[in-house]
Amino acid sequence: MKTIYLDNNATTKVAEEVFEEIKPFFCEHYGNPSSMHTFGGQIGHKIREAREKVAELLGCEPSEIVFTSGGTESDNTAIKAVLSAAPAKRKVITTRVEHPAVLTVCRELENHGYSVVELSVDKQGQLDISELEENLDDDTALVTIMYANNETGVIFPIERIAELVKSRGIVFHTDAVQAVGKIPLNLSGSHIDLLSLSGHKLHGPKGAGALYVKKGTRISPFILGGHQEAGRRAGTENVPGIIGLGKACELAAKNIEQENQRVKYLRDKLESAILETCPDSMLNGDKNNRLPNTTNISFEYIEGEAILLMLDKFGICASSGSACTSGSLEPSHVLRAMGVPFTAAHGSIRFSLSRYNTEEEVDYTTQKTPEIINKLRKLSPFVGK
Ligand code: PLP
């Protein structure tokens, strides 16, 4: 059975071009970039090249890129490194819909005497900028707000937010893990101070990511040890990961406009067909401000997990808005923050596409989904009650 992979916000296929690029760096060119000999030293040149490619995709200086192990490390580092450089300030502002890589860190800060404000979102998953404005004060050390939501694809007006935050002299970080490579970003002239990205979300390898740190931003070094990454993040570099991330960014920069259009066409086709053919289904998230690859649909009266299992039987990979924790089904914190009713939040499915999906795959999925929904509804004790 062919796999139809529609779970690209979870992770993506490594592009063949990326794989070819990184292969020689395991068994052939395995030197340590910090070595004095040519064998190792020449790897330093490849890392410089990768840094330039990441910087080019973002429109920033190569020296503003710090390589990390991925989105989670970049988010943790951004928050903790900013706070430890400004110990007198004790307030952090974030949103209720962040990824756990940000939200868990912020909630943990409360145990260390920080006051943390989690901004709310409306039914569309959008922020109320005036709520942010009201909360900015002299005690605020950091505002951290995601660029695009991993579950719904909703894009926040990050440049507007960054400008507002900076006008008050406060440091601004954005988790752009889902945005980089999917929509064009340009950090030249931007008010963003720090930005997180992750290789495996844009057809690069897992375990490689980066943190953009705008020149002049005060951060404390986070991982101490050697002098790597200009003393900001010690540890022998993940050479294949970094080279792969660079190549993935180069590919994204080259193709982003055409891919956007094609992926959006496929996403829209999938979404409208499912909404038309499945009664009691609804779209979650701001339809007009979304990533081009993501759709999040709720099906009333049935469990997301049951839908996923049946999709899986047909080789279709998607993901659900609820996570099975300790035997009870917890609906997604993002959908709950948006006020999606429990019955609908439980039955939510996220389809996320990539440049590798085809129209045939979308057609197959739009044919199978209503069959699955009808079958599950017949079994549901809630339908018609
Ligand atoms: N932030 C967002 C918005 C994400 O979607 C993810 C991954 O799903 C992460 C952070 C974590 O990234 P990583 O898997 O590279 O640690």
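Residues numbered from 1 in each chain as written. Predicted model: local features only at pLDDT ≥ 70, side-chain atom pairs only at ≥ 80, totals over all residues. Heavy atoms only, no water.

1. Considerations on the side chain of Ser 220
- Along the chain, Ser 220 falls in the loop between strand S8 (209–213) and helix H8 (239–277).
- Looking at Ser 220, the relative accessible area reads 19%, which means it is buried.
- Of note is the side chain of Ser 220, whose polar atom sits 2.9 Å from the side chain of Ser 84.
- Among the polar contacts made by the side chain of Ser 220, one reaches the main-chain amide nitrogen of Ala 85 at a distance of 3.5 Å. (Helix = DSSP H or I, 4+ residues; strand = E, 2+ residues; numbered from the N terminus. Buried < 20%, exposed > 50% of the residue type's maximum accessible area, 1.4 Å probe, protein only. Polar contact = N/O pair within 3.5 Å; in protein donor to acceptor, adjacent residues only side chain to side chain.)

2. Let's talk about the domain arrangement of the protein
- Taken domain by domain, the protein holds domain 1 (4–11 + 255–379) and domain 2 (16–251).
- Spacing between the C-alpha centres of domain 1 and domain 2 amounts to 28 Å.
- In this complex, domain 1 contributes 29 residues to the contact, which on the side of domain 2 involves 31 residues.
- With both chains or domains summed, domain 1 and domain 2 bury close to 2,500 Å², and 52% of this area falls on carbon and sulfur atoms.
- Linking domain 1 with domain 2 are zero salt bridges, by the criterion used here.
- Where domain 1 meets domain 2, there are 16 residue pairs in polar contact (both at pLDDT 80 or more). (Domains from an automatic or database assignment. Contact = heavy atoms within 4.5 Å. Buried area = accessible area lost by both parts, 1.4 Å probe. Salt bridge = Lys/Arg side-chain N within 4 Å of Asp/Glu carboxyl O.)

3. Points about the packing of H8 against helix H12 (residues 359–379)
- Between H8 and H12, the least distance of the axes is 9 Å, while the angle of their chain directions is 15 degrees. Relative to H12, the element H8 is oriented roughly parallel. Two packed elements cross with a definite hand, and for H8 against H12 that hand is right-handed. For the pair H8 and H12, the contacting residues are Tyr 265, Leu 266, Lys 269, Leu 270, Ala 273, Ile 274 and Thr 277 in the first and Glu 359, Val 362, Asp 363, Thr 365, Thr 366, Thr 369 and Pro 370 in the second. (Axes fitted to C-alpha atoms, helices over the stretch in contact; angles between N-to-C directions. Parallel < 35°, antiparallel > 145°, perpendicular 65-115°, else oblique. Left-handed = near helix turned anticlockwise from the far one by under 90°.)

4. Quick word on the pairing of strand S6 (residues 171–175)
- Taking burial as the measure, the five residues of S6 include five buried ones, the bulk of the element.
- Bridging between strand S5 (residues 140–144) and S6 involves three bridges; their strand directions are parallel. Of the residues in S6, the one forming a bridge with Val 143 is Phe 172.
- A crossover connection joins S5 to the parallel S6 through helix H7 (residues 158–167); in handedness this β-α-β unit is right-handed.
- With three bridges connecting them, S6 and strand S7 (residues 194–198) associate as parallel partners. (Pairing = 2+ DSSP bridges. Right-handed = clockwise from strand over helix to strand, strands pointing away.)

5. Quick word on the site of the ligand
- Lining the immediate surroundings of the ligand are 13 residues, of which Thr 72, Asp 175, Gln 178, Ser 198 and Lys 201 lie closest.
- Between the ligand and Thr 72 there is a distance of 2.6 Å, counted from an oxygen atom to a side-chain nitrogen or oxygen.
- Protein contact buries 86% of the 390 Å² of open area that the ligand shows by itself.
- Here the shell around the ligand gets three residues from one element, more than from any other, and that element is helix H4 (residues 71–85). (Near = heavy atom within 4 Å. Areas by Shrake-Rupley, 256 points an atom, 1.4 Å probe, with all protein chains shown as cover.)

6. Some points on the side chain of His 173
- Considering the arrangement of structural elements, one finds His 173 in strand S6.
- Here the side chain of His 173 touches Ser 196 through a polar contact of 2.8 Å, side chain to side chain.

7. Description of the sheet that holds strand S10 (residues 294–299)
- Pairing within the open sheet is antiparallel, and its four strands lie in the order S9-S10-S15-S12. Among the strands making up the open sheet, the edge pair consists of strand S9 (281–283) and strand S12 (319–320).
- Note: S12 against strand S15 (residues 348–352), two bridges, orientation antiparallel. The residue of S15 that forms the bridge with Ser 320 is Ile 349.
- Together, S9, S10 and S15 form the strand contacts of H8, whose direction differs from that of S10 by roughly 10 degrees.

8. Side note on H7
- Turning to H7, its buried residues are Ile 158, Ile 161, Ala 162, Leu 164 and Val 165. For H7, the angular spread of the buried residues around the axis is 165 degrees, confining them to a single face. Facing away from the buried side of H7, by more than 90 degrees, are the exposed residues Arg 160 and Ser 167.
- Where the residues of H7 are buried, they touch helix H6 (129–135), S5 and S6. (Arc of directions from axis to C-beta.)

9. Some thoughts on the sheet that holds S7
- Pairing is mixed in the open sheet, where seven strands are placed in the order S2-S8-S7-S6-S5-S3-S4. Strand pairing shows two members of the sheet lacking a second neighbour, strand S2 (65–68) and strand S4 (115–119), which therefore form its edges. The mean inter-strand angle of the sheet, taken between neighbouring strand axes irrespective of direction, is 20 degrees.
- Pairing between strand S3 (residues 91–95) and S4: five bridges, direction parallel. When the sheet's bridge partners are listed, Thr 95 is paired in S4 with Leu 119.

10. Details of a negative patch on the surface
- Side chains of Asp 122, Asp 128, Glu 133 and Glu 134 sit close together on the surface and give a patch of like negative charge.
- Summarising the element assignment, Glu 134 is placed in helix H6.
- According to the relative accessible area criterion, Glu 134 is exposed, its value standing at 65%. (Patch = residues over 30% accessible without salt bridge, like charges linked within 9 Å, V, L, I, M, F, W, Y side chains within 5 Å. Lys, Arg positive; Asp, Glu negative; His and termini not counted. Charge placed at Lys NZ, Arg CZ, Asp CG, Glu CD.)

11. Examining the pairing of S2
- Covered by surrounding structure in S2 are Ile 65 and Phe 67 together with Val 66 and Thr 68, the residues of both alternating faces.
- Looking at chain direction, S2 and S8 are connected through four bridges and run antiparallel. Across the sheet, residue Thr 68 finds its bridge partner in S8, namely Gly 209.

12. A closer look at the nonpolar core
- If you look at the biggest cluster of nonpolar residues, it comprises 67 residues, and the most contacted ones within it are Leu 58, Leu 132, Ile 145, Phe 156, Ile 161 and Leu 195.
- In terms of residue count, the dominant contributor to this core is H8 (eight residues).
- Taken together, domain 1 (4–11 + 255–379) and domain 2 (16–251) each give at least three residues to this core, which thus spans both.
- Excluding residues that lie within four positions of it along the chain, Ile 161 makes contacts with Leu 127, Ile 129, Leu 132, Ile 145, Phe 156 and Phe 172.
- Within the second largest apolar cluster, 22 residues are counted, among which are Leu 270, Phe 299, Ile 316 and Ile 373. (Core = buried A, V, L, I, M, F, W, Y, C linked by side-chain atoms within 4.5 Å.)

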